[in-house]
Amino acid sequence: MVDACLLVEGSYPYVTGGVSAWADGLIRSQPDVSFAVAHLRNADAPAREPAYALPANARLVEIALDPEHVTPGAGAQDALPEAGVYHAACTGAAGELARRAAATHGRSFVVTEHGVAWREAAWGPTGCNLNRIRRGSAAERAARSREVAGMARTAYAEAAAITSVCGPNVALQAAAGAPRDRLRLIPNPVAAATPPVTERAGLLVGFVGRVVAIKDVATFVRACARVAERRADARFVVVGPTEHEPDYAQRCRELAASAGLGDRLEFTGTCDPRPHYERLDVLVLTSLSEAQPLVALEAMAAGVPVVATDVGGCREAIGDAGLITPTRSPRATAEAILRIASDRELAATLGRAGRRRTALHHDPARVHGAYRELYERLAA
Amino acid sequence: MPDAMTIPSRVECIDDVRRWVSARAAEAHASSEAVADIELALTEALANVIEHGYGGDASQEIRVEAEAAAGAFRVAVRDWGHAADPDSFRRRDLDDPGEGGYGVYLIEGLMDDVQREPQPDGGTLLTLVKRLQPQDNPGRS
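Residues numbered from 1 in each chain as written. Chains lettered and ligands numbered in written order. Predicted model: local features only at pLDDT ≥ 70, side-chain atom pairs only at ≥ 80, totals over all residues. Heavy atoms only, no water.

Novice: Describe the pattern of salt bridges, listing the residues and the values that go with them.
Specialist: All names here are of chain A. Tallying each qualifying case throughout the model produces 30 salt bridges over all chains. The closest approach of N and O atoms between glutamate 158 and arginine 99, which form a salt bridge, is 3.3 Å. Here arginine 99 lies in helix α2 (residues 92–105) and glutamate 158 lies in helix α4 (residues 138–158), a separation of 59 residues in the sequence. Between aspartate 272 and arginine 274 there is a salt bridge whose closest N-O contact spans 3.1 Å. (Salt bridge = Lys/Arg side-chain N within 4 Å of Asp/Glu carboxyl O. Helix = DSSP H or I, 4+ residues; strand = E, 2+ residues; numbered from the N terminus.)

As structure tokens, this is what we get:
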């Protein structure tokens, strides 16, 4: 028996990223709560080394799912321990197993959606953690997407609480049939960080995130080329793993080379992004889809102005701490970067707003306290 | 004549049009499962128009028509979204978010027929069709 069973798909503790950081923070913030972390993966997925050391109050339960089926097989939930509350970090298979285990043990379950899983599944190869959608013909993929949506609707109907990290996703959950009286917005947490060095030469513009198509790194590279034409002192950095979609990453490198960026643009590969914020003048996010991006919050907490596309919860999270651009627009992205880079007063104002907003809305103690209250209420 | 509703291009408005279309579908005796499928496909379609057709510009409009005819329930979604920055189309393979991105699998999985038609004055007309099964429409013999 554990206090809480947290179900994640293909992320914590093996992959770095927003959901993993959220899960790690959630567990570490409650050292007196015993957790089982159920990591769901496809049975044919290659083994990975953990990216996080599991905290002392958590133990890992591995659940391998049949990759040929979207809905977990009967009995897949039997590996889950009895828990005071079940907490799925998405709908889909995690939500379905949380629902079944809660029913078996007479407990409640809560679903926290970062991205909206039934929408991400619909994006096909790039969207679904477990990639069970990508198999088969177009008609079979359509049927699999529909199945994912069906599991989401069931989870919405039966969960004791449904939380999301941003307002637009709460609206989408409601539109997909989630009962409004069980919907709740709990933003992502972010810790305060060291402000950037204010006096330095040159301009450093950064993208932080996985180099994958859904982040539209190509638009960032094209925007860099435009900025480079106007600012001879500009340098650029892409901070994040390149191995998730290696072909895409290679094409982005080729694009940078053909745009003449040369060594002015660096791809760091996998690394801790946090030290980079201290060096950045602008953090750029060109994603085609986001929920509440942790990298934007981290940059804001460090006082770095943000330029981000108007998707998901970006506008809501960034507010007056940055500039919002349309998707797939190198021109608008470059103009926003140049506007911040050429106006030190604006950059300072945006940076201060970022620190203020993150302290106000994303204080880790307050965010984790909201989940703790939820656990205590549902386990009572 | 189909009923029509126009909403601002904001995610917060999707639920209003979803409820409105659901009521029209229920009046047409669509089954609860068919109504749920229409709701989810429409939600996805509207979210895509807002995020990608309009690039998040909340000041635009989306017109939605709904009608039941010839044993089917039809929802038409009209937007006036702008084409993306031409720069971004130089290399199509770099810009594909994945085979069948923008929710095409989900929408096609949920609906019986999906048509996308670029409009001469800009934007797109997306037509979603759900066949009403005989048991969906007890008023017919």
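Novice: Got a sec to walk through the sheet that holds strand β4 (residues 113–118) of chain B? Specific residues and values, please.
Specialist: Residues and elements named next belong to chain B. Reading across the sheet, the five strands line up as β1-β2-β3-β5-β4 and stay open at both edges, with antiparallel pairing between neighbours. Where the open sheet ends on each side, the last strands, each with one partner, are β1 (3–8) and β4. Shown here is a sheet whose adjacent strand axes are inclined to one another by a mean of 15°, direction ignored. Bridging between strand β3 (residues 72–79) and strand β5 (residues 124–131) involves eight bridges; their strand directions are antiparallel. What sits directly across from alanine 72, in β5, is arginine 131. Against the sheet, helix α1 (residues 14–27) makes contact with β1, β2 (61–69) and β3, and its axis sits at roughly 170° relative to β1, the strand it touches most. Seen against the sheet, helix α2 (residues 32–53) touches β2, β3 and β5 and runs at an angle of roughly 10° to β3. (Pairing = 2+ DSSP bridges. Axes fitted to C-alpha atoms, helices over the stretch in contact; angles between N-to-C directions. Contact = heavy atoms within 4.5 Å.)

Novice: Go over the sheet that holds strand β6 (residues 161–164) of chain A with me, naming the residues and quoting the values.
Specialist: All names here are of chain A. Taken in spatial order, the seven strands make up an open sheet running β3-β2-β1-β4-β5-β6-β7, and their pairing is parallel. This sheet does not close on itself; its edge strands, each paired only once, are β3 (58–65) and β7 (183–185). Looking at each pair of strands side by side, their axes are set apart by 25° on average, direction ignored. Of the pairings in the sheet, the one linking strand β2 (residues 35–42) to β3 comprises eight bridges and is parallel in character. Note on β3: the bridge partner recorded for leucine 40 is isoleucine 63. The strands that helix α1 (residues 18–28) touches are β1 (2–9), β2, β3, β4 (83–88) and β5 (108–113); relative to β1, the one it contacts most, it runs at about 175°. Sheet strands in contact with α2 are β1, β2, β3, β4 and β5, and its direction is about 160° off that of β4.

Novice: Report on helix α5 (residues 167–175) of chain A, specifying residues and quantitative values.
Specialist: All names here are of chain A. Most of α5 is tucked away: nine of the nine residues are buried. Along α5, the positions that sit buried rather than exposed are Gly167, Pro168, Asn169, Val170, Ala171, Leu172, Gln173, Ala174 and Ala175. Of the residues flanking the end of α5, it is glycine 177, one or two places downstream, whose phi is positive at about 110°. (Buried < 20%, exposed > 50% of the residue type's maximum accessible area, 1.4 Å probe, protein only.)

Novice: Kindly report on the environment of Pro246(A), identifying the contributing residues and their values.
Specialist: Examined against the element boundaries, Pro246(A) turns out to sit in helix α7 (residues 246–258). Under the relative-accessibility criterion, Pro246(A) is labelled partly exposed at 48%.

Novice: Tell me what's going on with the domain arrangement of chain A, and back it up with residues and numbers.
Specialist: Residues and elements named next belong to chain A. For chain A, the assigned domains read domain 1 (2–187 + 363–379) and domain 2 (203–361). Contact residues are listed per partner, giving 18 residues for domain 1 and 16 residues for domain 2. Summed over both partners, the interface of domain 1 with domain 2 comes to about 1200 Å²; 61% of that surface belongs to carbon and sulfur atoms. Counting across the interface, domain 1 meets domain 2 through zero salt bridges. If you look at where domain 1 meets domain 2, you find four residue pairs in polar contact (both at pLDDT 80 or more). Of all the secondary structure elements, the ones that give two or more residues to the side of domain 1 that touches domain 2 are α1, α5 and α13 (364–379). Residue classes in the side of domain 1 that touches domain 2 are distributed as nine nonpolar, six polar and three charged. (Domains from an automatic or database assignment. Buried area = accessible area lost by both parts, 1.4 Å probe. Polar contact = N/O pair within 3.5 Å; in protein donor to acceptor, adjacent residues only side chain to side chain. Nonpolar A, V, L, I, M, F, W, Y, C, P; charged D, E, K, R; others polar.)

Novice: Before we move on, could you go through unusual backbone geometry and cite the residues and values that matter?
Specialist: Each neighbour pair has its own omega, and for Tyr12(A) with Pro13(A) the value is 0°, a cis peptide bond. Looking at the element boundaries, Pro13(A) is found in the loop between β1 and α1. Here the phi dihedral of Arg328(A) falls at roughly 55°; this positive angle occurs in a residue that is not glycine. Residue placement: Arg328(A) occurs in the loop between β13 (322–325) and α11 (330–341). Of the residues examined, Arg328(A) reaches a relative accessible area of 6% and is grouped as buried. For Ala70(B), which is not a glycine, the phi torsion comes out positive at approximately 50°. Assignment of secondary structure puts Ala70(B) in the loop between β2 and β3.

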